[in-house]
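# Breakdown of the fold
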Amino acid sequence: SLPGKEKLWYILTTRNNTEIDANYWSSVPSWDVILNGIQSPLSTTQPPIIHGLETCELFQQYTSANPSNRRIAPAGLFNTGTNYLSVLLDYNCQNPHRVAKFHGNAKRGHGNEWEVPWGKHTPPHFRGSYSKNSKAEYTPEEVLPIVLVRNPYGWMKSMCKN
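Residues numbered from 1 in each chain as written. Predicted model: local features only at pLDDT ≥ 70, side-chain atom pairs only at ≥ 80, totals over all residues. Heavy atoms only, no water.

### Remarks on a nonpolar patch on the surface
On the surface, a nonpolar cluster with roughly 280 Å² of combined accessible area is contributed by Phe 78, Met 156 and Met 159. By the secondary structure assignment, Met 159 is in helix H7 (residues 152-161). Taking the relative accessible area as the measure of exposure, Met 159 reaches 31% and is therefore partly exposed. (Patch = residues over 30% accessible without salt bridge, like charges linked within 9 Å, V, L, I, M, F, W, Y side chains within 5 Å. Areas by Shrake-Rupley, 256 points an atom, 1.4 Å probe, with all protein chains shown as cover. Salt bridge = Lys/Arg side-chain N within 4 Å of Asp/Glu carboxyl O. Helix = DSSP H or I, 4+ residues; strand = E, 2+ residues; numbered from the N terminus. Buried < 20%, exposed > 50% of the residue type's maximum accessible area, 1.4 Å probe, protein only.)

Set out below in structure tokens:
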């Protein structure tokens, strides 16, 4: 049954996943439960800290002439979750201008890149002076980097494992 799960069903079907075990589907929480759980006062984890929201408007103004060229991409040190963030962005964020331009082609139409043009683990001062992909058809200014930062103690422990 779909009540409260319509958004989830839409996400799954737009990714060509329509075969879901009934027992599993019944265990999936409703969209409201998911949203309420993100910053629940009962949560033992702290909500994410987001810096730089004031730059979104500037990014939108810069790319307003051709919004289908807007992209978002992860950046950060090793073991901060950049690969996971890239997958989450692919599944959850789409640039509607790119979707329209590429007619829903999931490979090219979502507007997310695997990494920023200067390399997701490369220091940001290389932005604009170095590119990992010389064939890229976009400029660094058309990419909104999403930078991940991790608690130094937890990060050091994860680095020592590998």
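### Overview of the environment of Glu 113
Relative to the assigned elements, Glu 113 resides in the loop between helix H6 (96-101) and strand E2 (143-148). Through-space distance from the C-alpha of Glu 113 to that of Asp 90 is 8.4 Å; in sequence the pair is 23 residues apart. Contact partners of Glu 113, with chain neighbours within four places excluded, come to Arg 71, Ile 72, Ala 73, Pro 74, Ser 86 and Tyr 138. Only 3.5 Å separates the side chain of Glu 113 from the side chain of Tyr 138, close enough to count as a polar contact. (Contact = heavy atoms within 4.5 Å. Polar contact = N/O pair within 3.5 Å; in protein donor to acceptor, adjacent residues only side chain to side chain.)

### Some words on the nonpolar core
Among the nonpolar cores identified, the biggest contains six residues, and these are Ala 73, Ala 75, Val 116, Trp 118, Tyr 138 and Val 143. Excluding residues that lie within four positions of it along the chain, Val 143 makes contacts with Phe 59, Arg 71, Ala 73, Val 116, Pro 117, Arg 127 and Tyr 138. By size, the runner-up hydrophobic cluster in this structure holds five residues, among which are Phe 59, Leu 85, Leu 89 and Leu 144. (Core = buried A, V, L, I, M, F, W, Y, C linked by side-chain atoms within 4.5 Å.)

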